[in-house]
Every structure is written in structure tokens, then in C-alpha cells.
Amino acid sequence: MWRWASAVPRLGPVDARAGVALLFFFFHMRLWTLLTALAGIAFFGILERFGLTLPVFVRLMKREIAGPVVWPENPTKPVWRFYREY
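A brief report on the enclosed structure follows.

**Comments concerning the packing of aromatic side chains**
- Tallied over the full model, the rule gives four aromatic pairs.
- Seen in terms of ring centroids, Phe24 and Trp32 are 6.1 Å apart; in terms of plane orientation they differ by 70°. Their pairing is edge-to-face.
- The partly exposed category is assigned to Phe24, whose relative accessible area is 42%.
- Following the ring pairs from residue to residue traces out a cluster consisting of Phe43, Phe44 and Phe57.

Structural data, given as C-alpha cells:
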């Protein structure tokens, strides 16, 4: 019974988290909410195609925004701190 407890919920071939966009559309039926819901389903479909989940995608984007780690040229030389260490 507990075998699939940590699995991502699915509604057919689509991640169930895409259903949140559909729920938004069902509560406010307008063209722009339909397009938003379809874009959300397409977004989750693309993530599914690349084998990513939403938390993994958010971490990937945070890493891309932050940029690469810049290490000091000489690791034995201490890095200057701009605060006082007590």
C-alpha cells in the first residue's frame, strides 16, 4: 500500500499539478484563463518530457540565475571578509 506513496500523482499522461491551472480555469471561465491553463499543461508536459519535476526545475533556474561559482585564484590566501568576526 505504501509502495507508491511518494510517487508524483498523475492524471493520465500528465502530471496532476497541471490540474491546478485547470481548476483556476473552471472557477473563472474566460479565454485568458483557458490559455493560461493550456500553457500550464504544456509547461508540465515539457518538464515531463525532459524528466524534470517542478522542484528540480526551480533549483535549476536558481542555479542558472546565480551563475557559476567563482573561486579565489590562490586558495591558500584568505578571502577578505567585509564584516567583523568576533
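**So, the pattern of salt bridges**
- By the definition in use, this model includes two salt bridges.
- Residue Arg10 pairs with Glu48 through a salt bridge whose shortest N-O separation is 3.3 Å. One end of the pair, Arg10, is in strand E1 (residues 10–11); the other, Glu48, is in helix H2 (residues 31–49), with 38 residues separating them in the sequence.
- We classify Glu48 as partly exposed; its relative accessible area is 35%.
- The shortest N-O distance in the salt bridge between Glu64 and Arg63 comes to 4.0 Å.
- Residue Glu64 is classed as exposed on the basis of its relative accessible area of 51%.

Definitions and cut-offs
- Residues numbered from 1 in each chain as written.
- Predicted model: local features only at pLDDT ≥ 70, side-chain atom pairs only at ≥ 80, totals over all residues.
- Heavy atoms only, no water.
- Phe/Tyr/Trp six-rings, centres within 6.5 Å; stacked < 30°, edge-to-face > 60°.
- Buried < 20%, exposed > 50% of the residue type's maximum accessible area, 1.4 Å probe, protein only.
- Salt bridge = Lys/Arg side-chain N within 4 Å of Asp/Glu carboxyl O.
- Helix = DSSP H or I, 4+ residues; strand = E, 2+ residues; numbered from the N terminus.

Such coordinate-based values are descriptive only and should not be taken to indicate function.
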